[in-house]
Amino acid sequence: MTFLSESQTPASDPREDAAPVGALPAHRSAEEILAHPDFPAARRLFVAEHAKVYEAGTFPAQLGADVGRVTTLAIIVCIYAAYDPADRETWPTLNRLKDHVARFGFASPRLIDDFAARLAQTGYVEMERQPEDNRVRLLKPTERLLDWDREWIAAHYAPLDLLYPEPGYGPPLRRDRAFQAAHAGAAPAAFDAIAAMMWVNLEIVFFLSATSALIILLAFFEMGGADPDARIREGDIAHLAPRFGVSRTHIRNILTVAQERGFVVRSGPRNAFLHLTPRWMSAFDRFIADSLVQSDLTYRLALRAMGIEAPYRS
């Protein structure tokens, strides 16, 4: 399932509305992260930790992961964290969820309706009555969703903690509930920067939006897929289908698109062997680095909301 068509773009360029640089705390840069001598190890950890939270049976609602669904889950947690019964503008309604997700440009209102309904059916969200207006239903994340959210947050900070162990990123790695609440409350300030980061990485937008496409290609990389001498066949990747809740045909389609984009080439007798190209390495390393930048920014916003000054050390 894909949340994004080839021609779809955000309703407006999210960079136009981004918060002024001065309003955000100092944080890591992509260039700094890419230049770190331990970046290859951080990349491996990024893949391993994200694979855990996106696996079938772990990802909420028993569906495959894509950026539309992941964004929707994060925003459900965020808007409920900001809920003030006395302020109607903060009520975590389905329409408010749609408005926030629309800023990212990856999911249609109909798909959000379907996903929210599925989350309610599977125990990740409750539809709660608003005491001030019984006609309104509020989206309340259950403990089941909050548990997954803490694991998802930790997956983003484990690679940063590997790169920068002093002072480190202890609160999210401890699955600290106070940090989770602060993170949810602070994250909206970074929404525009996060959306801009996704759309700047245009080469991989398809792989973000197609179900499990990004994590499948990252898992293929971890199998040695970037080694031109590797003898990996399409059938060798088939075991990823049940792991990430997709079909073998879906994996074949992902590989076809990757080949069309210059991310995968075939070699050997009858072009039986697959390997990832240097173009893949460049595009996905940049995406990982940009993702870690946004995680570092949100971490510092969360600590600032907790009244803690996050030291910056190289």
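Before reading on, note that the structure itself is shown above.
Student: Is there a simple way to explain the layout of surface pockets in this structure?
Tutor: One way to see where empty space is left: roll a probe the size of a water molecule over the atoms. Within this model, the second largest pocket holds a volume of roughly 150 Å³. Every residue along the wall of the second largest pocket is listed here: V77, Y80, A81, K140, P141, L146, R150, R177, Q180, A181 and A184. Looking at the lining of the second largest pocket, the elements with two or more residues in it are helix 3 (67–81), strand 2 (133–141), helix 6 (143–163) and helix 8 (177–186). It is helix 8 that contributes the most residues to the lining of the second largest pocket, four residues altogether. A class-by-class count of the residues in the lining of the second largest pocket yields seven nonpolar, one polar and three charged.

Student: What is the right way to read the pattern of salt bridges from this model?
Tutor: Two side chains with opposite charge may pair up if their charged atoms get near one another. Under the criterion given, the structure shown has 18 salt bridges. The residue E128 makes a salt bridge to K140 at a minimum N-O spacing of 3.6 Å. Of this pair, E128 sits in strand 1 (residues 125–130) while K140 sits in strand 2; the two residues are twelve residues apart in sequence, bridging distant segments of the chain. Judged by its relative accessible area of 23%, E128 is partly exposed. For R175, the salt bridge identified is with E151, shortest N-O distance 2.9 Å. Placement of the pair is R175 in the loop between helix 7 (170–173) and helix 8 and E151 in helix 6, with a sequence separation of 24 residues. Judged by its relative accessible area of 30%, R175 is partly exposed. Linked through salt bridges whose partners overlap, the residues forming this network are E31, R286 and D290.

Student: I tried to follow the packing of helix 2 (residues 39–54) against helix 6 on my own but got confused; where do I start?
Tutor: For any two helices packed against each other, one specifies the inter-axial angle together with the distance between the axes. Contact pair helix 2 / helix 6: the axes reach a minimum separation of 8 Å and the direction vectors enclose 170 degrees. One finds that helix 2 runs roughly antiparallel with respect to helix 6. Counting all contacts with helix 2, which are made through F39, A41, A42, L45, F46, E49, H50, V53 and Y54, the residues of helix 6 involved are W148, E151, W152, A155, H156, A158, P159, L162 and L163. Of the residues that constitute the contact of helix 2 with helix 6, the class distribution is 14 nonpolar, two polar and two charged.

Student: Could you clarify how one ought to interpret the side chain of E49 in this entry?
Tutor: Residue position: E49 is located in helix 2. A relative accessible area of 15% means that E49 is categorised as buried.

Student: Just to check I follow, could you spell out empty space enclosed by the protein for this structure?
Tutor: Overall, the coordinates contain three cavities of 30 Å³ or more when judged by the stated rule. Empty space within the largest cavity amounts to approximately 710 Å³. Lining the largest cavity we find 38 residues, and of these Y54, V70, W152, H156 and M198 sit closest to its centre. By residue number, the principal contributor to the lining of the largest cavity is helix 3, which donates seven residues. Residue composition of the lining of the largest cavity, by class: 27 nonpolar, nine polar and two charged.

Student: Would you mind going over the side chain of S291 with me for this structure?
Tutor: Note that S291 resides in helix 15 (residues 278–305). Apart from the residues lying within four places of it in its own chain, the contact partners of S291 are F46 and M197.

Student: I'm lost on helix 8 in this one. Help?
Tutor: Restricting attention to buried positions, one finds in helix 8 the residues F179, Q180, A182, H183, A184 and A186. Against the buried residues of helix 8 lie helix 3, helix 6, helix 7 and helix 15. The opening residue of helix 8 is D176, an N-cap whose side-chain oxygen sits 3.0 Å from the backbone nitrogen of A178.

Student: Mind showing me how you'd approach the environment of L45 here?
Tutor: In this structure, L45 sits in helix 2. For the pair formed by L45 and Y157, sequence separation is 112 residues and the distance between their alpha carbons is 10.0 Å. When residues no more than four places from it in sequence are discounted, the contact partners of L45 are A158, P159 and L162.

Conventions and cut-offs
Residues numbered from 1 in each chain as written. Predicted model: local features only at pLDDT ≥ 70, side-chain atom pairs only at ≥ 80, totals over all residues. Heavy atoms only, no water. 1 Å grid on protein atoms, 1.4 Å probe; cavity = no way out; pocket = protein on both sides within 12 Å on 5 of 7 lines; lining within 4 Å. Points joined across faces, edges and corners; volume = space filled by probe spheres on them. Helix = DSSP H or I, 4+ residues; strand = E, 2+ residues; numbered from the N terminus. Nonpolar A, V, L, I, M, F, W, Y, C, P; charged D, E, K, R; others polar. Salt bridge = Lys/Arg side-chain N within 4 Å of Asp/Glu carboxyl O. Buried < 20%, exposed > 50% of the residue type's maximum accessible area, 1.4 Å probe, protein only. Axes fitted to C-alpha atoms, helices over the stretch in contact; angles between N-to-C directions. Parallel < 35°, antiparallel > 145°, perpendicular 65-115°, else oblique. Contact = heavy atoms within 4.5 Å. Polar contact = N/O pair within 3.5 Å; in protein donor to acceptor, adjacent residues only side chain to side chain.

Shape is all these values report; function is a separate question.
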